[in-house]
Amino acid sequence: MFLALAGGVGGAKLASGLANVLPAGELVIAVNTGDDFEHVGLHVAPDLDSVMYALAGLNDTVRGWGLAGESWRFLDALKRLGGADWFMLGDQDLATHVERSWRLRGGATLSAVTAHFCAALRITQTMVPMSDDPVRTMVDTDLGLLPFQDYFVRHRCAPTLKGLRFDGVETARISDGLRAALDNPALEGIIICPSNPLLSILPILSLPGMRDALTARRVPCVAVSPLIGGKAVKGPAAKNMTELGLPTTPDGIADFYTGLIDGLVIDPEDAPPTRAGLAVESTPTLMRDADDRARLARATLAFTRSLVRPA
Ligand code: GDP
Ligand code: CA
């Protein structure tokens with residue numbers, strides 16, 4: 001079996017490719033929860049939902065996020081009442097947040113709710129939150145310290161990033177599902193999806209014990225670059241890397257994941273990293289449709305399997 005680490009929409013593309021090409025039950029996807037927040041009394045978990053909708057085949061591929069066939073009557077009515085309309089809540093999506101919040105309020109863990117949703121949506125791979133304990137990404141910017149969604153949605157990532165803080169992470173425990181995957185004797189490899197390294201993957205790596213688990217890995221770990229031609233396909237990954245002094249190249253990605261990866265998948269538009277000892281697979285990484293996702297998933301799996309960790 002394989003373990004994938006993912007953020008939201010970008011990570012979900014490769015995660016759904018991996019989910020489709022691997023036999024059922026052979027993939028565990030651990031998802032960032034640093035973006036989670038309380039909104040109009042509900043627990044919203046944007047990255048878990050992005051991955052879940054993609055795995056269920058319910059995601060809107062044209063808009064690029066949320067559910068296909070979504071409608072917005074709830075949000076219109078909320079606006080009419082003077083409610084918070086800066087965060088888009090679709091009518092169908094709302095059911096996810098209501099049902100999740102309701103179950104959490106009844107004492108269920110986020111892992112239990114996630115497992116329940118995946119079963120209800122007939123998802124045949126395992127998706128788990130990185131942790132059941134609250135971790136909240138805080139973005140330090142030239143406008144001050146902003147909660148993640150304020151930075152991402154309200155300010156559209158315009159403020160200059162100065163640093164990141166993950167509130168709660170010091171005492172957050174790796175979820176049982178992620179821990180079990182890391183410790184599973186049948187684990188063949190770990191894949192870091194092409195998610196934003198700073199906003200989506202760093203929260204996962206910041207959980208106590210996570211870096212140690214990856215450093216001590218006995219199986220190969222491979223990252224897929226979220227950059228093509230030095231630019232992010234979507235979102236602020238390149239801007240964030242530049243702001244924190246990382247070049248927006250495979251070298252920048254390799255530096256960021258130093259000690260954690262054995263191989264890096266890059267697009268042919270980018271020059272291979274110069275770092276010694278890092279295996280590189282150059283293959284088109286743009287995922288426009290299901291065929292692209294399956295092709296990149298197969299290439300990434302074959303590359304990972306070809307790398308052997310010294311005993
Ligand atoms: P978010 O949490 O919804 O912002 O999503 P992620 O952090 O998981 O993914 C965002 C990253 O996905 C961005 O840096 C994009 O460059 C990257 N991305 C999106 N689509 C693709 C794609 O088709 N190929 C590659 N290589 N990266 C992609
Ligand atoms: Ca996210």
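For the structure, see preceding data.
Residues numbered from 1 in each chain as written. Chains lettered and ligands numbered in written order. Predicted model: local features only at pLDDT ≥ 70, side-chain atom pairs only at ≥ 80, totals over all residues. Heavy atoms only, no water.

**Considering the nonpolar core**
Just so we agree on the cut-off: Joining through side-chain atoms within 4.5 Å is the link that ties buried Ala, Val, Leu, Ile, Met, Phe, Trp, Tyr and Cys residues into a set, and such a set is a nonpolar core. Burial here depends on accessible area, computed with a 1.4 Å probe over protein chains only, as a share of the maximum for the residue type. Under 20% is buried, over 50% is exposed, and the range in between is partly exposed. Only DSSP runs of H or I reaching four residues or more are called helices, and only runs of E reaching two or more are called strands; each is numbered from the N terminus.
By size, the foremost hydrophobic cluster in this structure holds 42 residues, and its most contacted members are Leu-3, Leu-5, Leu-178, Met-210 and Tyr-257. Here this core gets five residues from one element, more than from any other, and that element is helix 8 (residues 197-205). One finds Phe-2, Met-52, Ala-54 and Leu-296 within the second-largest nonpolar core, a separate group that totals 37 residues.

**Here's the deal with unusual backbone geometry**
Phi is positive for Val-40, close to 40 degrees, though the residue is something other than glycine. Inspection of the secondary structure puts Val-40 in the loop between strand 3 (37-39) and strand 4 (42-44). Accessibility expressed as a relative area gives 40% for Val-40, which makes it partly exposed. Notably, Arg-122 is not glycine yet its phi reads approximately 55 degrees, a positive angle.

**A few points about the coordination of the calcium ion (ligand 2)**
Perfect tetrahedral coordination of a metal by four donors corresponds to 109.5 degrees between them, and perfect octahedral coordination by six donors corresponds to 90 or 180 degrees. Put simply, the rule reads: Ligating atoms shown are N, O and S within 2.8 Å of the metal, or 3.2 Å for Na, K and Ca, and water is not included, meaning a site may look less than complete.
Within the protein, Asp-35 (OD), Asp-47 (OD) and Asp-47 (OD) serve as the donor atoms for the calcium ion (ligand 2), at 2.1 to 2.7 Å. With Asp-35 in the loop between strand 2 (27-31) and strand 3 and Asp-47 in helix 2 (residues 46-55), the pair connects residues that are twelve residues apart, well separated along the chain. Across the pair, Asp-47 and Asp-35 agree in class, each one buried.

**Quick notes on the site of ligand 1**
In plain terms, the rule: Any residue with at least one heavy atom within 4 Å of a molecule or strand is counted as near it. Within 3.5 Å is the distance limit for a polar contact, defined as a pair of N or O atoms, with the added protein rule that one can donate a hydrogen and the other accept it, and that residues adjacent in sequence qualify only through two side-chain atoms. Each accessible area value is a Shrake-Rupley result obtained with a 1.4 Å probe; residue values ignore everything except the protein chains displayed when judging cover. Ten residue types, Ala, Val, Leu, Ile, Met, Phe, Trp, Tyr, Cys and Pro, are classed as nonpolar, four, Asp, Glu, Lys and Arg, as charged, and the remainder, Gly among them, as polar.
Looking at ligand 1, there are 21 residues lining it, with Ser-195, Ser-200, Pro-226, Thr-285 and Met-287 nearest. One of the side-chain nitrogen or oxygen atoms of Lys-13 is found 2.8 Å away from a nitrogen atom of ligand 1. The fraction of the free accessible surface of ligand 1 (590 Å²) that becomes covered by protein chains is 91%. Considering each element in turn, the shell around ligand 1 owes the most residues, four residues, to helix 1 (residues 9-21). By residue class, the composition of the shell around ligand 1 is nine nonpolar, nine polar and three charged.

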